[in-house]
Amino acid sequence: MLRYSTLLCLALCVLASGCDRGSHPHEIGKAAPDFTVSDSRTSIHLAGYRGQVVLLNFWGSWCAPCIQELPSLLEFHHEHPEYPILAVSIDENEAAYQRFLVQRHVDFTTVWDPEEVAAKKYATTGWPETFIIDRQGNIRRRFIGATDWSDPEILRFMKTL
């Protein structure tokens, strides 16, 4: 019996430790870490978007959930250009990154960051990972994994910022 209760307690502790994930992790409400990342075509300086609600998306061209998410992210971009999408690719291969952008007709702002300079500042744990940053530069939501950006709840939330 002692063994069963010990295992049950351990299982509950493991489950409880995952409760800080999803849309309300510990960084919600805190200042989004500023960064500047540049590649041969684009430069993103997050502080330059202060005053706007921003979607900061970390992704890779080899990432199946990133590919799954892309159509709804592109649709969101086309329907709501007032919300800049800043996409940071963690691809190691620049040719694969560039090919992906062309083949998938990606037309929002994206930058190649193979050293993961920006991703490390956000302690990303999965791909894709997206942060909604408010007009004051604070993190308001965090999404880990493929997100359906056509979900009306997301737009309602963003309009409150």
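As a reminder, the structure under discussion sits directly above these lines.
None of these values were measured; they are calculated from a predicted model.

> Talk me through the overall build of the protein; I want residue IDs and the actual numbers.
Counting secondary structure elements, the protein contains five helices and seven strands. When its helices and strands are written in sequence order, the protein yields α-β-β-β-α-β-α-β-α-β-β-α. Contacts spanning at least 24 positions in sequence make up 67% of the contacts within the protein whose residues lie at least 6 apart. With the model as given, the accessible surface of the protein reaches about 8800 Å², and the carbon-plus-sulfur share is 57%.

> So what's going on with helix α3 (residues 94-103)? Residues and values would help.
Buried residues of α3: Tyr97, Gln98, Phe100 and Leu101, and no others. Along the axis of α3, the buried positions cluster into a sector of 155°, meaning they face one direction only. Seen from the buried face of α3, the exposed residues on the opposite side, beyond 90 degrees, are Val102 and Gln103. Next to the buried residues of α3 lie β3 (54-59), α2 (64-79), β4 (85-89) and β5 (109-112). Capping of α3 at its N-terminal end is provided by asparagine 93; its side-chain oxygen lies 2.8 Å from the backbone amide nitrogen of alanine 95.

> So what's going on with unusual backbone geometry? Residues and values would help.
A negative phi holds for most residues other than glycine; trans holds for most peptide bonds. Looking along the chain, the bond that leaves tryptophan 127 and enters proline 128 is cis, with omega of -10°. One non-glycine residue, histidine 105, lies in the positive phi region at around 55°. One can find histidine 105 in the loop between α3 and β5. The residue alanine 123 is not glycine, and still its phi comes out positive at about 50°. Here alanine 123 is to be found in the loop between α4 (117-121) and β6 (129-133).

> Hey, could you go over the pattern of salt bridges for me, with residue numbers and the actual values?
Scanning the entire structure with this criterion turns up four salt bridges. Of the charged contacts, one joins arginine 156 and glutamate 153 as a salt bridge, the two residues approaching to 3.3 Å between their closest N and O atoms. A residue pair is termed a helical-turn pair when its members lie 3 or 4 positions apart in one helix, as arginine 156 and glutamate 153 do in helix α5 (residues 152-159) at three residues. Linked by salt bridges that have partners in common, Glu27, Glu129 and Arg142 make up one network.

> I'd love a proper account of the nonpolar core, names of residues and values included.
Residues Leu55, Trp59, Phe76, Phe108, Ile132, Trp149 and Met158 are the most contacted members of the largest nonpolar core, which totals 26 residues. Within the residue set of this core, elements represented by two or more residues are β3, α2, β4, α3 and α5. Element by element, the count of residues in this core is highest for α2, at five residues. Here phenylalanine 76 is in contact with Leu55, Tyr83, Ile85, Trp149, Leu155 and Met158, once residues within four sequence places are set aside. One finds Val88, Ile90, Ala119 and Ile139 within the second-largest nonpolar core, a separate group that totals 18 residues.

> Got a sec to walk through the environment of cysteine 66? Specific residues and values, please.
Relative to the helices and strands, cysteine 66 resides in helix α2. With relative accessibility at 5%, the residue cysteine 66 sits in the buried group. Between the alpha carbons of cysteine 66 and threonine 147 there is a distance of 9.0 Å; along the sequence they are 81 residues apart. Those residues in contact with cysteine 66 that sit more than four places away from it in its chain are Trp59, Gly60, Trp127 and Pro128.

Criteria and thresholds
Residues numbered from 1 in each chain as written. Predicted model: local features only at pLDDT ≥ 70, side-chain atom pairs only at ≥ 80, totals over all residues. Heavy atoms only, no water. Helix = DSSP H or I, 4+ residues; strand = E, 2+ residues; numbered from the N terminus. Contact = heavy atoms within 4.5 Å. Areas by Shrake-Rupley, 256 points an atom, 1.4 Å probe, with all protein chains shown as cover. Buried < 20%, exposed > 50% of the residue type's maximum accessible area, 1.4 Å probe, protein only. Arc of directions from axis to C-beta. Polar contact = N/O pair within 3.5 Å; in protein donor to acceptor, adjacent residues only side chain to side chain. Salt bridge = Lys/Arg side-chain N within 4 Å of Asp/Glu carboxyl O. Core = buried A, V, L, I, M, F, W, Y, C linked by side-chain atoms within 4.5 Å.

Any functional reading would require information that these geometric values do not contain.
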